[in-house]
Amino acid sequence: MDITRTLPEECIAKIISGTSPRDACRLSLVSRAFGAAATSNLVWERFLPPDYQEIISSSSSSSASLNMLTKKNLYFHLCDNPILIGNSNNMSFQIDKLSGKKCLMLAARELSIIWGAGDTPYYWNWISSTQSPVLPKSRFSEVAHLRSVCWLEIKGRIETKILSPKTKYGAYFIYSMENGCYGFQTPVKVSIRLENEVEGGDAINAYLNPRIWSGTHDQQQSNEELLQINQQDGRLPIRREDMWMEIEIGEFFNGSQVDNHGAVEMCLKEVQVLNGKSGLVVHGIELRPKEES
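Residue positions are given per chain, counting from 1 as you read along its sequence in written order. Two thresholds apply to this predicted model, a pLDDT of at least 70 for residue-level local features and 80 or more for giving and counting side-chain atom pairs, whereas whole-chain, interface and lining totals are computed over all residues. In computing side-chain properties, one takes all heavy atoms of the structure into account and sets aside hydrogens as well as water.

Colleague: I'd like a description of the overall build of the protein, backed by residues and values.
Modeller: In this description a helix means any DSSP run of H or I spanning at least four residues, a strand means any run of E spanning at least two, and both kinds are numbered starting from the N terminus. Helices and strands together make up the secondary structure of the protein, namely eight helices and 16 strands. Each of the 293 residues in the protein was classed as buried or not, and the buried ones make up 45%. Whether two residues are in contact is decided by their heavy atoms: any pair within 4.5 Å suffices. Taking contacts inside the protein between residues at least 6 apart in sequence as the whole, the part at least 24 apart equals 69%. For accessible areas, the Shrake-Rupley method is used with a probe of radius 1.4 Å. Any residue's cover is judged against the shown protein chains and nothing else. Accessible area for the protein stands at about 15700 Å²; split by element, carbon and sulfur atoms hold 49% of it. Each residue is placed in one exposure class: buried if its accessible area under a 1.4 Å probe, protein chains only, is under 20% of its type's maximum, exposed if it is over 50%, and partly exposed if it falls in between.

And the structure:
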C-alpha cells in the first residue's frame, strides 16, 4: 500500500523532520508527496538551530529579507553566507550543511593578541580587509598584520552555551602569509581547553608556513615534502576554498546545556625560540562541527 495516499502531508513532514538535512533532500526525490513534505517549512525549521530567529535579529544583515525566505532556502543561505553578529560585528555565524549545527568564527579583533592592541603599531597593525589587493577576501572589516615580534601569543575564548550542544567541535586558526614572511621555520604551539578543566590541553606543534627552508643552498621544499618530514611532528595547514589558510588548534566535545563548561579557550604561541617573526596576517579562529569517526 502506498502510504503517501493515506497519510496527510503534515504527517509525512513530521516524520521527515526527525531525520537529517541530507535524508530530507534524498526523500524529496521518492515521490511527489514526499517532495512536497520534504521541502515544507515544518521540516526545515526543525533543522535550523533553535535560536536562529534571535541570531538573525541580532545580525547586521537584513533580518527582514532573511525572514522572507522559506525555511529551506534560509537553511542553505546560512550554510553558504555567514552573517555578522556580536559586538561590533566581530563574530560570524553560519550553519554546517550536513548537520545543521552552528559554525562560529571569532574575528582577529575578538582575539587577545600580545602587543596587538593597536597602541604598538611597530609590532602589529590593523588593516582594512578591502585595502590589500593580495589578501583573500575577509568577512570582517579588519585583519591583524604582524610587522615584527619575537613573542607570538594569540588567544581566543568563546562561551560554550552559544554553540550547538552534544556536538564535537574543531577549532581552526585562519590566517595568511605575506610574501617575504620570516621566522616561521620552527613550529608554534597550539592548545585548547574547556574553562572548567583543571588541566590545560596538551600543546601540539603546528607549522604555519607551508614552505620551509633547509640545507645550505636555501632550497625551498614543497608542502608534500614537508608533510613527509613533519607529519609525525606536528600539524600542517591547508588552503581553504576562500583562499585563506587554516590549521587545526584542537577539538573538544560540547555537552548538553546542563554540563556548564563555561567557555572554551584556544591558544597559539611561540615563546621559546623567540626568533624574529613577520608577515603573518590573522583572520580569526573558527569553530565548526566535526564528523564523528
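Colleague: Before we move on, can you summarise the pairing of strand 2 (residues 91-95) with the specific residues and values?
Modeller: The buried fraction of strand 2 amounts to five of the five residues, a majority that puts the element mostly inside the structure. Pairing between strands is defined by DSSP: at least two bridges between the two strands are required. With five bridges joining them, strand 2 and strand 3 (residues 102-107) adopt antiparallel strand pairing. Residue pairing in the sheet places serine 92 in a bridge with methionine 105 of strand 3. Hairpin connection between strand 2 and strand 3: a loop of six residues separates the two successive antiparallel strands, and glycine 100 in this loop has a positive phi of roughly 80°.

Colleague: A description of the packing of aromatic side chains should follow, citing residues and the corresponding values.
Modeller: Two measures describe an aromatic ring pair: the distance that separates the ring centres and the angle between the ring planes. Two aromatic rings, drawn from Phe, Tyr or Trp (for Trp, its six-membered ring), form a pair once their centres lie within 6.5 Å of each other, and the interplanar angle then sorts them: stacked below 30 degrees, edge-to-face above 60, tilted otherwise. In total, this model carries eight aromatic pairs according to the counting rule given. Centroid distance tryptophan 44 to phenylalanine 76: 5.3 Å. Interplanar angle 50°. Geometry classified as tilted. Of this pair, tryptophan 44 sits in helix 4 (residues 41-47) while phenylalanine 76 sits in helix 7 (residues 71-80); the two residues are 32 residues apart in sequence, bridging distant segments of the chain. Phenylalanine 76 sits in the partly exposed class, given a relative accessible area of 24%. By way of ring pairs, the aromatic residues Trp44, Phe47, Tyr75 and Phe76 are connected into one cluster.

Colleague: Which residues make up the nonpolar core, and what are the values?
Modeller: In summary, soluble globular proteins display a tendency toward joint burial of nonpolar side chains. Residues belong to a common nonpolar core when they are buried Ala, Val, Leu, Ile, Met, Phe, Trp, Tyr or Cys residues joined through side-chain atoms within 4.5 Å. In this structure, Trp124, Ile154, Phe173, Leu208, Met266 and Leu280 are the most contacted members of the largest nonpolar core, which totals 62 residues. Top element by residues in this core is strand 8 (residues 167-182). It accounts for six residues.

Colleague: Give me the sheet that holds strand 10 (residues 204-206): which residues, what numbers.
Modeller: Spatial strand order, 4-7-15-9-10: five strands in an open sheet with antiparallel pairing. Since the sheet does not close on itself, it has two edges, and those belong to strand 4 (112-113) and strand 10, each with one partner. Pairing between strand 9 (residues 188-194) and strand 10: three bridges, direction antiparallel. Each bridged residue has a counterpart across the sheet, and for valine 188 the counterpart in strand 10 is alanine 206.

Colleague: Talk me through the environment of lysine 14; I want residue IDs and the actual numbers.
Modeller: Summarising the element assignment, lysine 14 is placed in helix 1 (residues 9-16). Look at lysine 14 and you get exposed, because its relative accessible area is 61%. In the structure, lysine 14 is positioned 26 residues away from serine 40 in sequence and 9.8 Å away in space, judged by C-alpha atoms.

Colleague: I'd like a rundown of helix 1, residues and numbers included.
Modeller: Within helix 1 the residues assigned to the buried category are Ile12, Ala13 and Ile16. In an axial view of helix 1, the angular spread of the buried residues amounts to 100°, which keeps them on one side of the axis. Seen from the open side of helix 1, the exposed residues pointing more than 90 degrees away from its buried face are Glu10, Lys14 and Ile15. The inward-facing, buried residues of helix 1 contact helix 2 (21-27), helix 3 (32-38) and helix 4. Taken from the helix axis, the directions to the C-beta atoms give the arc we talk about.

Colleague: Can you explain helix 7? Please cite residues and give values.
Modeller: All of the buried residues in helix 7 are Lys71, Leu74, Tyr75, Leu78 and Cys79. The arc that holds the buried residues of helix 7, viewed along the axis, is 140°, so those residues lie on one side. Tucked inside the fold, the buried residues of helix 7 contact helix 2, helix 4, helix 5 (52-57), helix 6 (63-67), strand 1 (83-85) and strand 2.

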